[in-house]
Amino acid sequence: GAHQVVYTAGTQHGLFVTMMALAEAGDEVLVPDPYYATYEGIVAATGATFVPVATSPEDGFHLTPEGLEAAITPRSRVLLLNTPSNPTGAVLSEGEIDAIGEVCERHDLWIVCDEVYAALTFDRPFSSPFDRPQLRDRSVAVASISKSHALPGFRAGWAACPAELAPR
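Residues numbered from 1 in each chain as written. Predicted model: local features only at pLDDT ≥ 70, side-chain atom pairs only at ≥ 80, totals over all residues. Heavy atoms only, no water.

Explain the nonpolar core here, please?
The biggest cluster of nonpolar side chains holds 22 residues, and the ones touching the most others in it are Val 29, Val 78, Leu 80, Val 112 and Val 140. Elements represented by at least two residues in this core include exactly helix 1 (11–22), strand 2 (28–33), helix 2 (39–46), strand 4 (76–82), strand 5 (110–114) and strand 6 (139–144). Here the element with the most residues in this core is helix 1; it accounts for 4 residues. Beyond its immediate sequence surroundings of up to four residues, Val 112 is in contact with Leu 15, Thr 18, Met 19, Leu 22, Val 78, Leu 79, Leu 80, Leu 81, Val 140 and Val 142. (Core = buried A, V, L, I, M, F, W, Y, C linked by side-chain atoms within 4.5 Å. Buried < 20%, exposed > 50% of the residue type's maximum accessible area, 1.4 Å probe, protein only. Helix = DSSP H or I, 4+ residues; strand = E, 2+ residues; numbered from the N terminus. Contact = heavy atoms within 4.5 Å.)

Shown next as structure tokens:
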């Protein structure tokens, strides 16, 4: 419902306010690598530690549950996903999101998903952690109309999240 959506000045602002609500000094934010250029700064603004998680060309630059699991420490707090990915173009399937989500559930991690390219998956179906019933309570879907409607200057974005997170 409307109480689960925070309107923002674009995707980057949405990622920033979300990360500020979820992470702080002493926490770690895990980010599949390669990643979008702004992510390091967004995480740095929270005081948390940026932890790149390697992906490989052999896996199509898709984050694997095994790769994620290996990067998790007791300080891990958030997984910052980007699907479809900029710069790799990787589009995570529903099954991949479920497997990654299972790791996040086990380690009590939030999933923040940059979904600004959701309308540009071409021949692959788009899937969001926020759409998965078992992950909805730990997921935030962030996007804007900048790519889908070719309106980057309009600064119209949102973060869809659990209702109790929205006020934060």
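Right, picking up where we left off after that structure.
Where do I start with the side chain of Ser 144 in this structure?
Secondary-structure assignment places Ser 144 in strand 6. At 2.9 Å, the side chain of Ser 144 forms a polar contact with the side chain of Thr 11. There is a polar contact of 3.0 Å between the side chain of Ser 144 and the side chain of Ser 146. Setting aside its immediate chain neighbours within four residues, Ser 144 contacts Gly 10, Thr 11, Val 116, Ala 156, Gly 157 and Trp 158. (Polar contact = N/O pair within 3.5 Å; in protein donor to acceptor, adjacent residues only side chain to side chain.)

I would appreciate a short explanation of the packing of helix 1 against helix 2 in the present structure.
Relative placement of two packed helices is described by the angle separating their axes and the distance separating the axes. At a closest axis distance of 9 Å, the pairing of helix 1 and helix 2 adopts a crossing angle of 30 degrees. In this structure, helix 1 meets helix 2 at a crossing whose hand is right-handed. Together, Gln 12, Leu 15, Phe 16, Met 19 and Met 20 of helix 1 and Tyr 39, Ile 42, Ala 45 and Thr 46 of helix 2 make up the contact between the two elements. For the contact of helix 1 with helix 2, the class distribution of residues is 7 nonpolar, 2 polar and no charged. (Axes fitted to C-alpha atoms, helices over the stretch in contact; angles between N-to-C directions. Left-handed = near helix turned anticlockwise from the far one by under 90°. Nonpolar A, V, L, I, M, F, W, Y, C, P; charged D, E, K, R; others polar.)

Sorry if this is basic, but what is going on with the layout of surface pockets here?
Any empty space left between atoms is shown by rolling a water-sized probe over those atoms. The computed volume of the largest pocket comes to approximately 180 Å³. As for the largest pocket, its lining consists of 15 residues, of which Thr 11, Gln 12, Tyr 36, Ser 146 and Lys 147 are closest to the centre. Taken together, the residues that form the lining of the largest pocket break down as 5 nonpolar, 7 polar and 3 charged. (1 Å grid on protein atoms, 1.4 Å probe; cavity = no way out; pocket = protein on both sides within 12 Å on 5 of 7 lines; lining within 4 Å. Points joined across faces, edges and corners; volume = space filled by probe spheres on them.)

In this structure, what is going on with the pairing of strand 3 (residues 49–54)? I would like to understand it.
Regular strands have side chains that alternate between both faces of the sheet. Here strand 2 runs beside strand 3; their pairing, made up of 6 bridges, is parallel. Bridge pairing in strand 3 links Pro 32 to Val 53. Traced from strand 2 through helix 2 to strand 3, the parallel crossover comes out right-handed. (Pairing = 2+ DSSP bridges. Right-handed = clockwise from strand over helix to strand, strands pointing away.)

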